[in-house]
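Residue-level structural notes
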Amino acid sequence: MKTFEFRLYPNRKQRQHLDSVLMGSRVIYNEMLTHTRQVYQETGKFAFKYALTKAFAGRGKGTVPASTVQMLADRLDKALICFMRRKEADQTVGFPRFKTPNRWHSIQLRQHAVDFDVDGRFLRTPALTGGRIKIKRHRPIIGTPQTCHLVKRADGHWYALIVCELPEPEPPTEPPAPDERPAIGIDVGLKSFLTDSDGNTVANPRYYRTSQAKLRRQQRRLMARTKGSQRRRKMARSVAQTHLKIERQRRDFHFKTAKHYADTYRLMVVEDLNVRGLARTRLAKSILDAGWSAFLTILTDKAASAGGQVIRINPRFTTQTCSNCGELVPKSLSVRTHICPSCGYVADRDHNAAINILRAGAPPSGTVADRLPDEPRSPIL
Ligand SMILES: [Zn+2]
């Protein structure tokens, strides 16, 4: 599955249509939630997809497209299944919540409800959502469209997200030419975004820090304002806009960084960080901020289209091991330089780790990584 995003340019009338369908679908979703809770109280079982679709057939008549009502049943069905699964696994979990306007931004449509006009300048949507809406298709779509989400983002613009199923790749007819590009190990940085085994670092972009500071300031101001007030609502909108901006800056930065590595290297070895596990420690913020897992998804995708490969390895001891002689050299987080008491090797902490990562991912058996004892990873890298 791959999602293609395009900006929509609805006219004033169409915007009204979209806004009213957005509101209407939220109301129906909340009604479905009430309904399934009632059914649960009466029968001890939730109403799932088919029961919901049946109970709400025709409910959107004149206000919300039938295709969207079906997708609402789908959406709630997924939320319920997720809730039950996590409850069974004994995780603390909240019941799917009623949606307020600031938690509801998209109208979902099935594939047969949308279509591009011949020249691709318009997206044909149901009459209720405004019919033919002008669209900017800045890139071609690959695969078969499955669903379409019309999303209103914090910047106030509408976007179409087309989710496509990708075609099966054709088996190669002849063996591929040998790939001469080198392999590289990449270490997630705490100070910089990443460090590779050649000793290059990629810094966290400065504009990103600036917008983060702005976000913190705005959030403080938001909290200071009275709940339910007009001023608080306005501030909340600003916070959402800054979030959107940061998200876009980060994505852009990730794509550019990933492209460089995917073009240059045949094999990229990275740490498979258990982000959820780390989230409980004090490291969480740095790790999550750096958006490492989001980056890895993009890197993997880019590598695949460039004919390369990303390998994820267990991050255990990658920092503590000497990349020159294999000796374990414990160091706390504040120690930025690796100094080996055994062989005298000196390197930047992250560079040393990146070399270990590369070695662990290019495994002739009996490598340093293979010999390491199985120990739980400490919160200190
Ligand atoms: Zn050493």
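This is a predicted model, so every value here is computed, not measured. (Residues numbered from 1 in each chain as written. Predicted model: local features only at pLDDT ≥ 70, side-chain atom pairs only at ≥ 80, totals over all residues.)

1. Looking at the overall build of the protein
What the protein contains, in helices and strands, is ten helices and 14 strands. Each of the 381 residues in the protein was classed as buried or not, and the buried ones make up 27%. Contacts spanning at least 24 positions in sequence make up 63% of the contacts within the protein whose residues lie at least 6 apart. (Helix = DSSP H or I, 4+ residues; strand = E, 2+ residues; numbered from the N terminus. Buried ≥ 20, exposed ≤ 12 C-beta atoms within 10 Å, placed from the backbone. Contact = placed C-beta atoms within 7 Å.)

2. A few points about helix α9 (residues 349-361)
Taking 1.5 Å of rise per residue, the 13 residues of α9 would be expected to cover 18 Å, and the 19 Å separating its terminal C-alpha atoms lies within 8% of that figure. When you tally the buried positions in α9, you get 13 out of 13 residues, the bulk of the element. (Expected span 1.5 Å × (residues − 1).)

3. Focus: the sheet that holds strand β9 (residues 194-196)
With mixed pairing, the five strands of this open sheet are ordered in space as β10-β9-β8-β11-β12. What marks the edges here is a single partner per strand, and that holds for β10 (201-202) and β12 (309-313). The sheet contact formed by β9 and β10 spans two bridges and is antiparallel. Residue pairing for β10: Thr-195 is matched across the bridge by Thr-201. (Pairing = 2+ DSSP bridges.)

4. Quick notes on the nonpolar core
Most often, soluble globular proteins keep nonpolar side chains buried together rather than apart. One finds Met-32, Leu-72, Ala-73, Leu-76, Leu-150 and Ala-160 to be the most contacted residues of the largest nonpolar core, which totals 29 residues. Residue assignment for this core shows that the elements contributing at least two residues are α1 (12-43), α3 (66-88), β2 (106-110), β5 (132-136), β6 (144-152) and β7 (158-165). Ignoring anything within four residues of it in the chain, the contact list for Leu-72 reads Ser-25, Ile-28, Tyr-29 and Met-32. Membership of the second largest hydrophobic core comes to 26 residues, among which are Ile-186, Phe-193, Ile-313 and Ala-353. (Core = buried A, V, L, I, M, F, W, Y, C linked by C-beta atoms within 7 Å.)

5. Here's the deal with helix α8 (residues 292-305)
For α8, spanning 14 residues, the distance from its first C-alpha to its last is 20 Å, which sits close to the expected 20 Å at 1.5 Å a residue. Within the sequence span of α8, burial applies to Trp-292, Phe-295, Leu-296, Leu-299, Lys-302 and Ala-303. Considered in projection along α8, the buried side chains sweep an arc of 130° and stay on one side of the axis. The first or second residue beyond α8 is Gly-307, which carries a positive phi of 80°. (Arc of directions from axis to C-beta.)

6. Considerations on the environment of Arg-121
Relative to the elements of secondary structure, Arg-121 occurs in the loop between β3 (115-116) and β4 (122-124). Sequence separation between Arg-121 and Ile-135 is 14 residues; the distance between their C-alpha atoms is 5.5 Å. Once residues lying within four places of it in the same chain are set aside, the contact partners of Arg-121 are Lys-134 and Ile-135.

7. Examining the sheet that holds β7
Read across the open sheet, the seven strands follow the order β2-β6-β7-β1-β5-β4-β3; overall the sheet is antiparallel. Of all the strands in the sheet, the pair left with one neighbour each is β2 and β3. Contacts between α1 and the sheet are confined to β2, β5, β6 and β7, with β2 contributing the most and set at about 90° to the helix. (Axes fitted to C-alpha atoms, helices over the stretch in contact; angles between N-to-C directions.)

8. Notes on the environment of Leu-328
Structurally, Leu-328 can be placed in the loop between β12 and β13 (337-339). For Leu-328, a count of 12 C-beta atoms within 10 Å gives the class exposed. Residues Leu-328 and Cys-340 lie twelve residues apart in sequence; the distance between their C-alpha atoms is 8.6 Å. Once you skip the residues sitting within four places of it in the chain, Leu-328 turns out to touch Phe-317, Gln-320 and Thr-321.

9. Brief notes about the confidence of the model for the protein
Within the protein, residue pLDDT values average 83, and 89% of them lie at 70 or more. Confidence drops under pLDDT 50 across residues 275-282; counting only partners more than four residues distant or on other chains, this segment forms eleven contacts. Below pLDDT 50 for its whole length, residues 365-381 participates in 20 contacts with residues either more than four positions away or in separate chains. (pLDDT = per-residue confidence, 0-100.)

10. Observations concerning the pairing of β5
Burial along β5 is one-sided: Ile-133 and Ile-135 are buried, while Arg-132, Lys-134 and Lys-136, pointing the other way, are not. Two elements, strand β1 (residues 2-9) and β5, share three bridges in a ladder whose sense is antiparallel. Within β5, the residue paired with Arg-7 across the bridge is Lys-136. By the bridge criterion, three bridges tie β4 to β5 in an arrangement that is antiparallel. Residue pairing for β5: Arg-124 is matched across the bridge by Arg-132.

11. With respect to the environment of Pro-96
Structurally, Pro-96 is set in the loop between α3 and β2. Pro-96 sits in the partly exposed class, given 19 other C-beta atoms within 10 Å. Between the alpha carbons of Pro-96 and Lys-78 there is a distance of 9.9 Å; along the sequence they are 18 residues apart. Those residues within four positions of Pro-96 in sequence are excluded, and the remaining contacts are Leu-33, Leu-76, Ala-79, Leu-80 and Phe-83.

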